[in-house]
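Observations on the model geometry
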Amino acid sequence: RRDVQEAPGGWSVSPPRVLGRAGWRYLRHPGTDRATLSATDDGFRLAGTARLRFPDGATQIRYAFACDPEWRPQTAQVDLRQGREKRFLHAEISPDRKWTIDSFRHPELRGFTDIDLSASPSTNTLALRRLALPVGGSAEIDVAWIVFPDLEIRAVRQRYHRVSERHYRYEGLHNGFVAEFDVDEVGLVTDYPDFWEQIPPSRRRGARPR
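Sequence order as written defines the numbering, with residues in each chain counted from 1. Residue-level local features of this predicted model are given only where pLDDT is at least 70; pairs of side-chain atoms are given and counted only at 80 or more, and the full residue set underlies all totals for whole chains, interfaces and linings. Heavy atoms throughout the structure, all of them, feed into the side-chain values; hydrogens and water do not.

1. Description of the overall build of the protein
Rule in force here: Secondary structure counts use DSSP, requiring at least four H or I residues in a row for a helix and at least two E residues in a row for a strand, with both numbered from the N terminus. Buried means the residue's accessible area, taken with a 1.4 Å probe over protein chains only, is under 20% of the maximum for its type, while exposed means over 50%, and partly exposed covers the values in between. Contact definition: two residues touch when any of their heavy atoms are within 4.5 Å.
Counting its secondary structure elements, the protein contains one helix and 17 strands. Sorting the 210 residues of the protein into buried and exposed places 44% on the buried side. When contacts within the protein are restricted to residue pairs at least 6 apart in sequence, long-range pairs at least 24 apart make up 41% of them.

2. Overview of the packing of aromatic side chains
As a reminder, the rule being used: Two aromatic rings, drawn from Phe, Tyr or Trp (for Trp, its six-membered ring), form a pair once their centres lie within 6.5 Å of each other, and the interplanar angle then sorts them: stacked below 30 degrees, edge-to-face above 60, tilted otherwise. Two thresholds decide whether a charge sits over a ring: the Lys NZ or Arg CZ must be within 6 Å of the ring centre and within 35 degrees of the ring normal.
Here the structure, examined in full by the defined rule, presents nine aromatic pairs. Geometrically, the ring pair formed by Y170 and F177 is tilted, given 6.1 Å between the ring centres and 55° between the ring planes. Given a relative accessible area of 27%, F177 falls into the partly exposed group. Through successive ring pairs, a cluster of aromatic residues spans Y160, Y168, Y170, F177, F181, Y192 and F195. The ring of F195 is capped by R28, whose NZ or CZ atom sits 4.1 Å from the centre of that ring.

3. Examining the environment of Q60
This is how the line gets drawn: Polar contacts here mean pairs of N or O atoms no more than 3.5 Å apart (in protein, one a potential hydrogen donor and the other a potential acceptor; neighbouring residues in sequence count only if both atoms are side-chain atoms).
By the element assignment, Q60 lies in strand 6 (residues 57-67). Those residues within four positions of Q60 in sequence are excluded, and the remaining contacts are T49, A50, R51, D79, L80 and R81. In terms of polar contacts, Q60 uses its side chain to reach the side chain of R51, at 3.4 Å.

4. Topic: the environment of F112
Tracing the chain through its elements places F112 in the loop between strand 10 (104-105) and strand 11 (114-117). Residues F112 and W99 lie 13 residues apart in sequence; the distance between their C-alpha atoms is 8.3 Å.

5. So, the nonpolar core
The following threshold applies: To define a nonpolar core, start from buried Ala, Val, Leu, Ile, Met, Phe, Trp, Tyr and Cys residues and group those joined through side-chain atoms within 4.5 Å.
The biggest cluster of nonpolar side chains holds 56 residues, and the ones touching the most others in it are I61, V78, F148, Y160 and F181. Examining the composition of this core, we find that seven residues originate from one element, strand 12 (residues 138-147), more than from any other. What V78 contacts, discounting residues up to four positions off in sequence, is I61, R62, Y63, R87, F88, L89, L117, I146, F148 and L151.

Following this line, the structure appears as structure tokens:
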């Protein structure tokens, strides 16, 4: 079992249990993204850091998502640094799917079930785990899409189709974008042709040699 730690206020909590880690190299611009997927006492957590070079400069993006046991996002935190400029986004999603972003209500997102980063393959995992599609199954979802580097929130519709055990087809119904990709045993992307390739564990920063 996991060790129990004492939190402020006398609450006993367990440290997050890592389910999987992944690192990716962006194929269209210089850049990398590294993420960790964990189980917590309250559900799941996805956190990572992307370092990308957009046309207007090098950009660092730190992100963290907390999900309930059904993989529905509850909070999202995105911190972006580009040169001396800093941008922040904090979202809270209530159990009845009301969205508050940076202290403002967003009624256009009412009922939306998912959140997605435009410049990372990591958030595909959250949608795939929540949907739990059978092989051959498809689903359309309403998504709060975070566009970089402006951190603009767009209400969009997406479709996932599970082609085989670890191969999926993604469609952005709002823009006509279509892609197919593979995932590992916990749902983290392993191969996203033309956009992302996974960095071998031995070459990830801080990785221990086997």
